[in-house]
Amino acid sequence: NGLTGNSRYNNTQWVGFSGENLEAVIDLESIQTVSKLGLNILKYHWQRMWEPNVLTFSISEDGINYKEVYRTNHFPANGINEIRAKIPLQKARFVKIQAENKGIIPVGEYGAGGKAWLLVDEFYVD
């Protein structure tokens, strides 16, 4: 819808995964040239909102054979982490986004022993 989540996480634009991983596939409906992929991740440990252990973007022309084009585990902001991955120009029809949820909140952290929330908003494909 083109709307992003806000830092107060109350504008209904965030999608949350409680203890679950994110895996989404975007079908661009035709083979296109792709050079930038992205999304936003909300990180507020004091609200049990954790960054993923790892985030990957993969692309495919046929929806079967995927090639990983970006990987990160670096989410420094306490708040909104804007991920904008610039990749060499590549042809793709499908874009796969995978984010591994933190899982169980570690001992010593707020909400320890409970499931971590993974919050994301808009996916970007340019």
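From a predicted model like this one, the values you see are computed outputs, not experimental measurements.

A.B. asks: Tell me about the pattern of salt bridges, and please be specific about residues and values.
C.D. replies: The final tally for this structure, using the stated rule, is three salt bridges. In this structure, Lys96 and Glu23 form a salt bridge, with 4.0 Å as the shortest nitrogen-oxygen distance. One end of the pair, Lys96, is in strand S5 (residues 79-100); the other, Glu23, is in strand S2 (residues 22-43), with 73 residues separating them in the sequence. With a shortest N-O distance of 2.8 Å, Asp27 and Arg93 are connected by a salt bridge. Residue Asp27 is located in strand S2, and its partner Arg93 is located in strand S5; the two are separated by 66 residues in the primary sequence.

A.B. asks: Can you lay out the side chain of Thr72 for me, pointing to particular residues and giving the numbers?
C.D. replies: By the element assignment, Thr72 lies in strand S4 (residues 67-72). Polar contacts involving the side chain of Thr72 include one to the main-chain amide nitrogen of His74, which spans 3.1 Å. Excluding anything up to four places from it in sequence, Thr72 contacts Val54 and Leu55.

Reading the values: rules and limits
- Residues numbered from 1 in each chain as written.
- Predicted model: local features only at pLDDT ≥ 70, side-chain atom pairs only at ≥ 80, totals over all residues.
- Heavy atoms only, no water.
- Salt bridge = Lys/Arg side-chain N within 4 Å of Asp/Glu carboxyl O.
- Helix = DSSP H or I, 4+ residues; strand = E, 2+ residues; numbered from the N terminus.
- Polar contact = N/O pair within 3.5 Å; in protein donor to acceptor, adjacent residues only side chain to side chain.
- Contact = heavy atoms within 4.5 Å.

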